[in-house]
Amino acid sequence: MASDASDSKDNSADPWNEKTKTKFETKSRSEFLDPCQEAASRSIRCLHRNGGDRSLCQDYFQAYRDCKKNWIEKRREQKRKEGKLF
């Protein structure tokens, strides 16, 4: 269980890398892409494993929040560099 949490933190270290950026920019407008999906899946699995007890899954939730925050910050930075507003 502890290795799952550390793995999700490792996977979320850089959710906005070149591979993700290319995938995001070439997807169709109706397609959903979340580079933090693995962290989200781990938090859901934790909830199922523990009968919905959120207090036991806080590390997984934090790993997802950290991943999402990092991803959004990198996207904003990239947009600023490109001079895009939206």
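Right above here is the structure, for reference.
Predicted, not measured: the structure shown is a model, and the values here were computed from it.

## Some thoughts on the packing of helix α3 (residues 37-49) against helix α4 (residues 58-82)
Step number 1: It is at 8 Å that the axes of α3 and α4 come closest, and there the two elements cross at 165°. The orientation of α3 relative to α4 falls into the category roughly antiparallel. Two packed elements cross with a definite hand, and for α3 against α4 that hand is left-handed. Within the contact between the two elements, α3 uses Ala39, Ala40, Arg42, Ser43, Cys46, Leu47 and Arg49 and α4 uses Tyr60, Phe61, Ala63 and Tyr64.
Step number 2: Residue composition of the contact of α3 with α4, grouped by class: eight nonpolar, one polar and two charged.

## With respect to the packing of helix α2 (residues 18-26) against α4
Step number 1: Two numbers describe how α2 lies on α4: the axes approach to 12 Å, and their chain directions differ by 70°. Relative to α4, α2 is oriented roughly perpendicular. Together, Lys21, Phe24 and Glu25 of α2 and Trp71, Arg75, Gln78 and Glu82 of α4 make up the contact between the two elements.
Step number 2: Partitioned by chemical class, the residues of the contact of α2 with α4 number two nonpolar, one polar and four charged.

The rules behind the values
Residues numbered from 1 in each chain as written. Predicted model: local features only at pLDDT ≥ 70, side-chain atom pairs only at ≥ 80, totals over all residues. Heavy atoms only, no water. Axes fitted to C-alpha atoms, helices over the stretch in contact; angles between N-to-C directions. Helix = DSSP H or I, 4+ residues; strand = E, 2+ residues; numbered from the N terminus. Parallel < 35°, antiparallel > 145°, perpendicular 65-115°, else oblique. Left-handed = near helix turned anticlockwise from the far one by under 90°. Contact = heavy atoms within 4.5 Å. Nonpolar A, V, L, I, M, F, W, Y, C, P; charged D, E, K, R; others polar.

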